2 protein chains.
Amino acid sequence: MKHIDIVDVLKGDYLGKEVTVCGWVRTSRDSSAVAFLELSDGTCFSRLQVVVDKAKLTLDPECTRNGASVLVKGEIVKAYRGDGVELNATAVCLLGACPPEYPIQKKRTTLEFLRGIPHLRLRTNTFNAVFRVRSIAAQAIHRFFHERHYVYVNTPLITASDCEGAGEMFRVTTQPYNAKYESEEAYYKDDFFGQKAGLSVSGQLEGEVAAMAFSKIYTFGPSFRAENSNTTKHLSEFWHVEPEVAFAELPDIIEIAEEMIKYVISAVLTECPDEMTFFDNFMEKGLKDKLYNVVNSKFGVLDYTDAIEILKKADVNFNYPVEWGCDLQTEHEKYLTDVVMKKPVFVINYPKEIKSFYMKQNADGKTVAATDLLVPGIGEIIGCSEREADPEKLLQAMKTRNMDIGAYKQYIDLRTFGSVPHSGFGLGFERIVMYMTGIENIRDVTLFPRSVGNIS
Amino acid sequence: MKHIDIVDVLKGDYLGKEVTVCGWVRTSRDSSAVAFLELSDGTCFSRLQVVVDKAKLTLDPECTRNGASVLVKGEIVKAYRGDGVELNATAVCLLGACPPEYPIQKKRTTLEFLRGIPHLRLRTNTFNAVFRVRSIAAQAIHRFFHERHYVYVNTPLITASDCEGAGEMFRVTTQPYNAKYESEEAYYKDDFFGQKAGLSVSGQLEGEVAAMAFSKIYTFGPSFRAENSNTTKHLSEFWHVEPEVAFAELPDIIEIAEEMIKYVISAVLTECPDEMTFFDNFMEKGLKDKLYNVVNSKFGVLDYTDAIEILKKADVNFNYPVEWGCDLQTEHEKYLTDVVMKKPVFVINYPKEIKSFYMKQNADGKTVAATDLLVPGIGEIIGCSEREADPEKLLQAMKTRNMDIGAYKQYIDLRTFGSVPHSGFGLGFERIVMYMTGIENIRDVTLFPRSVGNIS
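What comes next concerns the included structure. In this text the structure is predicted, and so the values were computed from the model without any measurement. (Residues numbered from 1 in each chain as written. Chains lettered and ligands numbered in written order. Predicted model: local features only at pLDDT ≥ 70, side-chain atom pairs only at ≥ 80, totals over all residues. Heavy atoms only, no water.)

## Some words on the overall build of chain A
Now for step 1: Helix and strand content of chain A: 13 helices and 16 strands.
Now for step 2: Dimensions of chain A, computed from C-alpha atoms along their principal axes, come out at roughly 85 × 60 × 45 Å.
Now for step 3: Counting over 456 residues, chain A shows a buried share of 60%.
Now for step 4: Taking as baseline every contact in chain A between residues at least 6 positions apart, the subset at least 24 positions apart corresponds to 66%.
Now for step 5: Carbon and sulfur atoms make up 49% of the accessible area of chain A, which amounts to about 18100 Å² in all.
Now for step 6: In chain A, 52 positive and 63 negative side-chain charges are present, and the distance between their average locations comes to 5 Å. (Helix = DSSP H or I, 4+ residues; strand = E, 2+ residues; numbered from the N terminus. Buried < 20%, exposed > 50% of the residue type's maximum accessible area, 1.4 Å probe, protein only. Contact = heavy atoms within 4.5 Å. Areas by Shrake-Rupley, 256 points an atom, 1.4 Å probe, with all protein chains shown as cover. Lys, Arg positive; Asp, Glu negative; His and termini not counted. Charge placed at Lys NZ, Arg CZ, Asp CG, Glu CD.)

## Observations concerning the relation of the copies chain A and chain B
Now for step 1: Superposing chain A onto chain B requires a rotation of 180° together with a translation of 0.0 Å along the rotation axis, leaving an RMSD of 0.0 Å. Interpreted geometrically, this transformation is the action of a two-fold axis. Of the C-alpha atoms belonging to chain A, the one lying closest to the rotation axis is found on Val172(A), 2.5 Å away.
Now for step 2: Most of the interface of chain A is mirrored in chain B, where 100% of its interface residues again form contacts. (Least-squares fit on C-alpha atoms with pLDDT ≥ 70 in both.)

## Notes on the packing of helix H8 (residues 287-296) of chain A against helix H13 (residues 429-437) of chain A
All names here are of chain A.
Now for step 1: Remark: H8 packs on H13, axes separated minimally by 8 Å, with the N-to-C direction vectors making an angle of 120°. Our classification of the angle between H8 and H13 gives oblique. Here H8 contributes Leu287, Lys290, Leu291 and Val294 to the contact with H13, which in turn contributes Tyr435, Met436 and Thr437.
Now for step 2: In terms of residue class, the contact of H8 with H13 is built from five nonpolar, one polar and one charged. (Axes fitted to C-alpha atoms, helices over the stretch in contact; angles between N-to-C directions. Parallel < 35°, antiparallel > 145°, perpendicular 65-115°, else oblique. Nonpolar A, V, L, I, M, F, W, Y, C, P; charged D, E, K, R; others polar.)

## A few points about the interface of chain A and chain B
Now for step 1: Opposite the 117 residues of chain A that make contact, chain B presents 117 residues.
Now for step 2: Across the chain A/chain B interface, buried area totals approximately 9300 Å², and carbon plus sulfur atoms make up 62% of it.
Now for step 3: A per-residue breakdown of the area chain A buries against chain B is headed by Tyr177(A), Phe247(A) and Phe417(A), which together make up 9% of the total.
Now for step 4: Summed over the shared surface of chain A and chain B, the result is 45 residue pairs in polar contact (both at pLDDT 80 or more).
Now for step 5: The residue makeup of the side of chain A that touches chain B, split by class, is 60 nonpolar, 33 polar and 24 charged.
Now for step 6: Across three bridges, strand E8 (residues 171-173) of chain A lies against strand E8 (residues 171-173) of chain B in antiparallel orientation. (Buried area = accessible area lost by both parts, 1.4 Å probe. Polar contact = N/O pair within 3.5 Å; in protein donor to acceptor, adjacent residues only side chain to side chain. Pairing = 2+ DSSP bridges.)

## Observations concerning the nonpolar core
Now for step 1: Counting residues in hydrophobic clusters, the biggest one holds 244 residues, and the most contacted among them are Ile261(A), Leu427(A), Ile261(B) and Leu427(B).
Now for step 2: Ignoring sequence-local partners within four residues, the contact set of Ile261(A) consists of Phe299(A), Leu373(A), Ile381(A), Ile382(A), Leu427(A) and Ile432(A). (Core = buried A, V, L, I, M, F, W, Y, C linked by side-chain atoms within 4.5 Å.)

## Let's talk about the pairing of strand E10 (residues 216-224) of chain A
All names here are of chain A.
Now for step 1: For E10, a buried count of nine out of nine residues is recorded, marking the element as mostly surrounded by other parts of the structure.
Now for step 2: Where strand E6 (residues 151-152) lies against E10, two bridges are found, and the strand directions are parallel. For Tyr152, the partnering residue across the bridge sits in E10 and is Tyr218.
Now for step 3: Direction of pairing for E10 relative to strand E11 (residues 237-246): antiparallel, over a ladder of nine bridges. If you follow Phe224 over to E11, its bridge partner there is Glu237.

Right, dumping it as structure tokens:
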């Protein structure tokens, strides 16, 4: 069906021309002389106003119903009101009717109600804006790395290993639910892969493999966590951006992470002006100012040890006590970002006991070259570290944690054959979409969100 | 570590300047007076020649070993031989030694041998080229759709439904291997999602949901097939490009698919000239000519019914007999592409019995508006169809197949509320990478390939 995208029509290039457009009626006004249809085809946030002169054209009343799909021909003219354009219809054809039971009506509905109709909620203003921002942000991430010579790699999702400590894993199997075996070994020997397999919680270990050949790589794909918790910030399935960079030490990777965050936010502010104004008006007052402030400020860097001192001196009753060695809780992170720094901050050099085996051990013997990027209102959005490049120190850290060293032979090989300093980070993609849109529940930035008990 | 990417150095911009580069020694020649190190940092296919004047610089012999990682400072000068540049070293520092047990040595090895060391094979010329082409192709796909106002969506990987007939599914569970339940229902009630869950074989059904709001969407993510077969063209985990377009009928989506294929091939030919010359020389003689021919020719379109007539008249003894109604086997597809058409061809309008329930039923009552794009040497790389937009016809097709209609309520809703003609296709991403590189085994275009019994 030859037709023009509404986003192109609204740019004004077709002024004075005859066009065909297709779309869904989002709202309409109908009088005896003239009818107005607000038409969306989803290619942009705005709608095209279609004007039907009923003296010239018989309009099927089905075409004025909210949700109906139509094909419209006519001339693009200057809008009667405002600076834009509208379409004077010469033909309006019904493509698909929409009965009055249609659950998306003009009245305001809650995000919670819309969560119950994930297949229809995308047709509302809010989700139209959310998922366009998500798409533009994803494009920006790919562009950012591509422009800087990173190789995009797809690390495996089904894996026999785990990225130690990152979270609970789902098991992947083709065994029937009631398979009966005398031993675990026999069960998995007969399973699809001949051994136990699960869904990856991170592509980091395989990403390191690729970085040791291409220097600069990134993954951008799904990761999985089988965590039995229902929060507004966690999902069982999420999209994960994981760059890994050879010849990069902690300060280098911090610079890259900061540059990437600013690049993505800038792209969304530039490419989604209507969507961002909508969010600023209806989701989070001051959102655009907040984001411009992030783009224009230098992110903070705070040593974990200093952060602990600040928290100990804070005139706040924290629920979790603060002592050197403790992990930072949400309330602590919130105090650091929202009260102390008032901007994103990298907390660096955490105690080695609360961090992973693969992180580079600092010379002090107590801390590792790891950092979390904390942002106001969201908390951690990036986990980052320099990786231990010394095979002896790596082995020692694994032994301390009683890990199965044989299972990590490939990973250790990377340190045996031409080891180099390298660093990487992981960004939870949905987290930054939430941050940029003011949406508070991760379920509302995910097409079909998965969490414990929820797979509708 | 401040340094310059070798891809930038080789462009010549740094001629006459002092630089620092990092990388791995891929080969070296050492004499009493001078040593030459061929350095790769993986940012491009070519290597940088480092010249060490031993009268001026003491060179650690470890730095000349194949696989060692080094940091080199010096001046970029015109190459002694050829048009390029080389680096006159003023300092060479060993970052990581590489012992002689390193399995990647200068001698030629087979792809099969390298499959046994997936964590090291990326350091060879072949895999350096393959995965850069794969990355550039992925970037081109994102760019193609982004430039045309498509919204990139991430459909769920863990799913409770299946895309009927697309293949066997993996099951996702957190139940222990020896969980004992009286009934299947009780087992899944206690499982993570409270019902049976599996890994998605296609994002199409959810992609259609998004297309009914945004008109033009695409997915680009992993899909899974638990097929108990070991071929050179199938994997249990692969990356899948699935656009879905509203207001598009079969001829429209064929046009989009052809345009996309040509766009991706053009991007790779333009952006990876060294890699493509390498493949043309060492993987498939005439590869570049083949690809230029694809870019410059109009793809064929062949009605299934005509294809059957051609095959019946062919002077070939096929292993599988040909009759109207049969599915095309690899030998038939190969005859059509390699002997008859000698270029990619869309076979259209298949018998409805051998295709899926969701495909638009043609007026003849016998066929559906479906097409496969067949390419010489590979076979099917795209499966495509217009979707049935009429709820009554869709329901009838589901009933004929004894499907559980209740499980598809959301999918049917899309036809109830503002249904529109729409079409989509699925591209197996690894297939097109194979086609563009001349690589014959899908395991060699995949970082860590997964298939039955294989998860190393």
